[in-house]
Amino acid sequence: MKIAVLPGDGIGTEIVAQAVKVLEVLRSDGLKIEMEYGNIGGAGYDAEGDPLPESTLALAQASDAVLLGAVGGPQYDTLDRPLRPERGLLRIRKGLNLFANLRPALLYPELASASTLKPEVVSGLDIMIVRELTGDIYFGQPRGISTLANGEREGINTMRYTESEVRRIGRVAFDIAMKRNKKVCSVDKANVLETTELWRQVMIEVARDYPEVELSHMYVDNAAMQLVRAPKQFDVVVTGNIFGDILSDEASMLTGSIGMLPSASLDENNKGMYEPSHGSAPDIAGRDLANPLATILSVAMMLRYTFADEASATRIENAVKQALVQGYRTGDIHTEGTNRVGCNAMGDAVVAAL
Ligand code: IPM
Ligand code: MG
């Protein structure tokens, strides 16, 4: 099994190093893996003048899975848009056809007091957000900033989805729901946006093939509200690219910290890219402060979804749980009476638990 390792920018290098330590343990225990590093994001731009160098895309295409850290940093924000780190990330998602983004928001009991919500609101929380990742306003044409005849500037982005794009992400969500509590909530803005009116119609069609799954619909504004009011009502949430981007950040805070939220981005054949849901956190980069658990948990998702190795996936998740039970906490999830550690020591705690 070949894994492309793309640390990227900011805290990317530190958190990926911890995840690699975890993979090394599994390898020394007999897991057959091979890792090869590549540049992406600002690191790609600095080294090769492109946020997604051709060599990196080729490496990712030739690999079974990709482990990614994070991209972006203030020093790149004034570059031409095509050269910016974020564009590299969008291009690799599109280039590998990773249309299904799974973002599980799971509350570890030990972190109930780290959430900004009351423990009784979040305890037992287990939501799977299924975000469409290669369509919507992120990729729709036309787009751009232009100057009108009267000299005023205008910005344009286009929200668009084809039926088949909605159908394939719908199937992913329903398939996952069949293995969970058999509830899918499709989030749209069908009262205003035609694109999402079509989304809703197609979801209803997909649901006919899954008679055991209960489908509900929710407008995105209400979903944002319900997520903080009564998040445990959700099992699987399926939504488009932009709504999924926003709601998954919101859901992550229910779990105590976005530093806990892993993700998997899959193609039709379960080839995948695995990355924490959070960004490159330039403000704390290089200071051994970042929480590596989202990245380590992303490795667990890699083993589960791409390598179909449930035993190793569970082993990693249990090691993370054990590190938390033992009281290890990075700054983002630290509460009184727990043991505050850095990124590296948190990685070591997981390795020791493994
Ligand atoms: C995410 C991030 C990215 C996105 C950015 C960095 C382009 O916010 O993975 O959620 O918007 O998809
Ligand atoms: Mg985001």
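Residues numbered from 1 in each chain as written. Chains lettered and ligands numbered in written order. Predicted model: local features only at pLDDT ≥ 70, side-chain atom pairs only at ≥ 80, totals over all residues. Heavy atoms only, no water.

Caption draft 1: Layout of the pattern of salt bridges. In this structure the tally under the stated criterion is 17 salt bridges. Taking the shortest distance from any N to any O, the salt bridge between Arg 315 and Asp 29 comes out at 2.9 Å. One end of the pair, Arg 315, is in helix 11 (residues 310-325); the other, Asp 29, is in the loop between helix 1 (12-28) and strand 2 (34-37), with 286 residues separating them in the sequence. A relative accessible area of 28% places Arg 315 in the partly exposed class. Notably, a salt bridge pairs Arg 167 with Glu 205, separated by 2.8 Å at the nearest N-O pair. Note that Arg 167 is positioned in helix 6 (residues 163-178) and Glu 205 in helix 7 (residues 194-207), a separation of 38 residues in sequence. Judged by its relative accessible area of 22%, Arg 167 falls in the partly exposed class. Salt bridges here are not isolated pairs; linked through shared partners, they connect Asp 126, Arg 180 and Asp 235. (Salt bridge = Lys/Arg side-chain N within 4 Å of Asp/Glu carboxyl O. Helix = DSSP H or I, 4+ residues; strand = E, 2+ residues; numbered from the N terminus. Buried < 20%, exposed > 50% of the residue type's maximum accessible area, 1.4 Å probe, protein only.)

Caption draft 2: Representation of helix 9 (residues 241-254) in the model. Its 14 residues place the ends of helix 9 20 Å apart at the C-alpha level, agreeing with the 20 Å of an ideal helix rising 1.5 Å per residue. Every buried residue belonging to helix 9 is among Asn 241, Phe 243, Gly 244, Leu 247, Ser 248, Ala 251, Ser 252 and Leu 254, and all of these are buried. The buried residues of helix 9 occupy one face: seen down the axis, they fall within an arc of 155°. Following helix 9 by one or two positions, Gly 256 has its phi on the positive side, about 110°. (Expected span 1.5 Å × (residues − 1). Arc of directions from axis to C-beta.)

Caption draft 3: Representation of helix 1 within the structure. Here helix 1 spans 24 Å end to end across 17 residues, near enough to the 24 Å set by a 1.5 Å rise per residue. Listing the buried residues of helix 1 in full gives Gly 12, Glu 14, Ile 15, Val 16, Gln 18, Ala 19, Val 20, Val 22, Leu 23, Val 25 and Leu 26. Its buried side turned inward, helix 1 meets strand 1 (2-8), strand 2, strand 3 (65-70), helix 10 (293-305), helix 11 and helix 12 (343-353). Phi for Gly 30, located one or two positions after helix 1, is positive at around 115°. (Contact = heavy atoms within 4.5 Å.)

Caption draft 4: Focus on the environment of Thr 116. Within the secondary structure layout, Thr 116 lies in the loop between strand 4 (100-106) and helix 5 (119-122). On the basis of relative accessibility, which here comes to 67%, the residue Thr 116 falls in the exposed class. In sequence terms Thr 116 and Leu 90 are 26 residues apart; their C-alpha atoms lie 31 Å from each other.

Caption draft 5: Expanded view of the sheet that holds strand 9 (residues 214-219). Spatial strand order, 2-1-3-12-11-4-5-10-8-9: 10 strands in an open sheet with mixed pairing. In the strand order of this sheet, the two ends are held by strand 2 and strand 9, each with one partner. For this sheet the average axis-to-axis angle between neighbouring strands, irrespective of direction, equals 25°. Bridge count for strand 11 (residues 264-266) against strand 12 (residues 272-274) is three bridges, and the pairing is antiparallel. Bridging across to strand 12, Ser 265 finds its partner in Met 273. Where helix 6 meets the sheet, its contacts fall on strand 4, strand 5 (126-132), strand 8 (183-188), strand 9 and strand 10 (236-239), and the angle it forms with strand 5 comes to roughly 165°. (Pairing = 2+ DSSP bridges. Axes fitted to C-alpha atoms, helices over the stretch in contact; angles between N-to-C directions.)

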